[in-house]
Amino acid sequence: MKKVIVTGANGFLGSYLMDELSRRGYAILAVIRDRQADISKIERFASNIVFCNLNNIRFLDTLISFGDYDAFYHLAWSGSSGNARKDYTLQLQNAKACADAALVAARLGCKRFIGVGSIAELVHEKYNRMDYSRPESVACYAIGKLAAEYMSHCVCTEQGIDFLWGHVANCYGVGDKSENFVNYLIQSYMEGRIPELTAGEQKADFLYISDVAKALVLMGTNGKAGCSYYIGYGSPVPLKDFVIKIRNLTNPEVESGLGIREFHGVDVDYGEIDIHKLNRHTGFVPKVAFDDGIRMTIEWIQNLK
């Protein structure tokens, strides 16, 4: 039986990854931040659960015996949404914890280290190096992910284990209680409020959370060592198209809110991203269409009220 270690196992993505790995017959050692965390969604999938926060991740090998692990999935990250993305101290701590996790993965006998990043890395890697750029404080999250990717890659190379990294596009779905864009729109339209949006001309891509989990599993099994992969649906279109779909599926009587605010962000240049590499290397094909994913998310949010 294949064995893996997953940090952040009880988080939004972690719980879906645990489910997907379990379906495929993996024995999973789940790493959870603390004993007060809710493990109800993942305890049936875990062969073992270990409690260790990010600040102490470098000591994880003192809590787990050396073993023949196929992969180490590092998902744990503090401050991935809201104002916490501006906290550069927190984001630097996350980057260090990721490099520590890569070192621990090698000590534990893992063959591969799979880190989870963001498409925001690809945006700010180029933009922040431009003369006269004006990155907002929320870019600290993307910069932290970049540092984590680069440093953990160095550690894996030095330690002689495979390194793989995923740049996840906008993900959403049932169970996400964060302040993400999709949740904001659904809740606004559901309550009859008009969200304050830009014109939405910039291109975007969204992927349902269960498909993100499938992509990560395929990366871990079939991905090529030393590669980074874009993880998205693979059909970027103007953001306004997604907004209109969400509005129409939630409450078509409410104005969309498009064009109220000016756009001051940074566009994703999909022409510079190999969005099909994951498919070529692993055979990944997304299963959940955007409309279907939004319907499921709407129903879940409605049931929370």
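Residues numbered from 1 in each chain as written. Predicted model: local features only at pLDDT ≥ 70, side-chain atom pairs only at ≥ 80, totals over all residues. Heavy atoms only, no water.

## Overview of unusual backbone geometry
Unlike most non-glycine residues, Tyr132 shows phi in positive territory, near 65 degrees. Residue placement: Tyr132 occurs in the loop between helix 3 (119-127) and helix 4 (139-159). On the basis of relative accessible area, Tyr132 is assigned to the exposed category, the value being 80%. (Helix = DSSP H or I, 4+ residues; strand = E, 2+ residues; numbered from the N terminus. Buried < 20%, exposed > 50% of the residue type's maximum accessible area, 1.4 Å probe, protein only.)

## Structural notes on the pairing of strand 1 (residues 3-7)
The element strand 1 is extensively covered by neighbouring structure, given that four of its five residues are classed as buried. Two strands pair when backbone bridges link them, and strand 1 and strand 2 (residues 27-32) are joined in this way by five bridges, in the parallel orientation. Each bridged residue has a counterpart across the sheet, and for Val4 the counterpart in strand 2 is Ile28. Taken together, strand 1, helix 1 (residues 12-23) and strand 2 constitute a β-α-β crossover, and its handedness is right-handed. (Pairing = 2+ DSSP bridges. Right-handed = clockwise from strand over helix to strand, strands pointing away.)

## A short note on the packing of aromatic side chains
Going through the model one piece at a time under the given rule, you end up with 11 aromatic pairs. Measuring from centroid to centroid gives 5.9 Å for Phe12 and Tyr16, while their planes differ by 80 degrees, and the two rings are edge-to-face. Residue Phe12 and its partner Tyr16 are located together in helix 1, separated by four residues, close to a single helical turn. Seen from their ring centres, Tyr172 and Phe206 are 6.5 Å apart, and the 70 degrees between their planes marks the pair as edge-to-face. Placement of Tyr172 in strand 7 (residues 170-172) and of Phe206 in strand 9 (residues 206-208) is noted, with a sequence separation of 34 residues between them. Accessibility expressed as a relative area gives 5% for Phe206, which makes it buried. Taking NZ or CZ as reference, Lys145 lies 3.9 Å from the ring centre of Trp77, over its face. (Phe/Tyr/Trp six-rings, centres within 6.5 Å; stacked < 30°, edge-to-face > 60°. Lys NZ or Arg CZ within 6 Å of the ring centre and 35° of its normal.)

## Some remarks on the environment of Gln159
Along the polypeptide, Gln159 turns up in helix 4. According to the relative accessible area criterion, Gln159 is partly exposed, its value standing at 36%. Sequence-wise, Gln159 and Leu103 are 56 residues apart; in three dimensions their C-alpha atoms are separated by 7.3 Å. With residues near it in sequence (within four places) discarded, Gln159 still touches Leu103 and Ala106. (Contact = heavy atoms within 4.5 Å.)

## Observations regarding the pattern of salt bridges
Oppositely charged side chains may form a pair once their charged atoms are brought near each other. The full count for this structure, using the stated rule, is 13 salt bridges. With its nearest N and O atoms 2.8 Å apart, the salt bridge here joins Lys96 to Asp100. Linking Lys96 with Asp100, this pair stays in helix 2 (residues 88-107), spanning four residues, or about one helical turn. Using a relative accessible area of 45% as the deciding quantity, one classes Lys96 as partly exposed. (Salt bridge = Lys/Arg side-chain N within 4 Å of Asp/Glu carboxyl O.)

## Focus: the nonpolar core
Residues Val6, Met18, Leu21, Tyr73, Leu216 and Ile231 are the most contacted members of the largest nonpolar core, which totals 58 residues. Counting residues per element, this core draws most heavily on helix 6 (residues 209-222), at eight residues. Look past the residues within four positions of Met18 in its chain and what remains in contact with it is Val6, Ala9, Ile28, Ala30, Ile42, Phe45 and Ala46. The next biggest cluster of nonpolar side chains, apart from the first, holds 32 residues, and it includes Val50, Leu60, Val104 and Ala105. (Core = buried A, V, L, I, M, F, W, Y, C linked by side-chain atoms within 4.5 Å.)

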